[in-house]
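Descriptive analysis of the structure
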Amino acid sequence: QVQLVESGGGLVQPGGSLRLSCAASGFSLDRYAIGWFRQAPGKEREGVSCFSSSDDTTYYAYSVKGRFTISRDNAKNTVYLQMNNLKPEDTAVYSCAALSIEKPQFSVQVMCVMMSADYWGQGTQVTVSS
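In short, a report on the structure. Everything numeric in this text was worked out from a predicted model, so none of it was measured.

Cut-off values and rules
- Sequence order as written defines residue numbering, which begins from 1 separately in each chain.
- Only residues with pLDDT of at least 70 are given local features in this predicted model, and only at 80 or more are side-chain atom pairs given and counted; all residues enter the totals for whole chains, interfaces and linings.
- To get the side-chain values, take all heavy atoms of the structure and skip hydrogens and water.
- Note that a disulfide, as used here, is simply two cysteine sulfur atoms within 2.5 Å.
- Helix and strand definitions follow DSSP, with helices as H or I runs of at least four residues and strands as E runs of at least two, each counted in order from the N terminus.
- Throughout this description, buried means an accessible area under 20% of the type-specific maximum (1.4 Å probe, protein chains only), exposed means over 50%, and partly exposed covers the range between.
- Nonpolar cores are built from buried Ala, Val, Leu, Ile, Met, Phe, Trp, Tyr and Cys residues. Side-chain atoms within 4.5 Å join them into one set.
- Contacts were defined at the residue level, with two residues in contact if any of their heavy atoms lie within 4.5 Å.
- The rule for pairing is simple: two strands pair if DSSP sees at least two bridges between them.

1. Regarding the state of the cysteines
- Tallied over the entire structure, the rule returns 2 disulfides.
- With its sulfur 2.0 Å from that of its partner, cysteine 22 forms a disulfide with cysteine 96. Its S-S torsion of approximately 65° makes the covalent link between cysteine 22 and cysteine 96 right-handed. Here the residue cysteine 22 occupies a position in strand S3 (residues 18-25), and cysteine 96 occupies one in strand S9 (residues 92-100), the gap between them amounting to 74 residues.
- Given the relative accessible area of 0%, cysteine 96 is considered buried.
- Across the disulfide, cysteine 50 is cross-linked to cysteine 112 (sulfur-sulfur distance 2.0 Å). Its S-S torsion of approximately 95° makes the covalent link between cysteine 50 and cysteine 112 right-handed. Residue cysteine 50 is found in strand S5 (residues 46-52), and its partner cysteine 112 is found in helix H1 (residues 108-114); the two are separated by 62 residues along the sequence. When sorted by exposure, cysteine 50 lands in the same class as cysteine 112, which is buried.

Shown next as structure tokens:
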């Protein structure tokens, strides 16, 4: 049973921080790239950050560079998104996703920009408001 479960969302004031978690089960993240995506009300879904250990590359959307950091704990089979200096425009449902690195033409840029993934989580709500 393949599953991705996000947690850590909530309400935070502008300038605050949150850390989102994405726990994978039924498969090992070792053979997958992992990405975080978000969708705000009335807006299209966008790739926030994607990472692949196979080529040690990371992609960040321009809007979050310098504020967000993606990381992985291999022992826990869990991926994190540390979000600092949050802004109201960061308000969205955040979802994690996994894409096999064995797929032809794989790259983290393709994953994040094209929003291509094999598995998706259900999402966690992040609200940034004063």
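So much for the structure itself; the text now carries on.
2. Side note on the nonpolar core
- Counting 29 residues, the largest nonpolar core has Trp36, Phe68, Ile70, Leu81, Met83 and Tyr94 as the members making the most contacts within it.
- For this core, the secondary-structure elements that each account for two or more residues are S3, strand S4 (32-39), S5, strand S7 (68-73), strand S8 (78-83), S9 and strand S11 (124-128).
- Each residue touching tyrosine 94, except ones within four places of it in the same chain, is listed here: Glu6, Leu20, Trp36, Phe37, Arg38, Val48, Phe68, Leu81, Met83, Gly123, Thr124 and Val126.
- Core analysis: the second largest hydrophobic core is formed by 10 residues, Cys50, Phe106, Val108 and Met111 among them.

3. Some points on the pairing of S4
- The element S4 is largely enclosed, with a buried count of 7 among its 8 residues.
- Relative to S9, S4 is paired through 8 bridges, and the arrangement is antiparallel. Paired with alanine 33 across the bridge in S9 is leucine 99.
- Here S4 runs beside S5; their pairing, made up of 5 bridges, is antiparallel. Residue pairing across strands places arginine 38 opposite glutamate 46, the latter belonging to S5.
- Joining the antiparallel neighbours S4 and S5 is a turn of 6 residues, in which glycine 42 adopts a positive phi near 75°.

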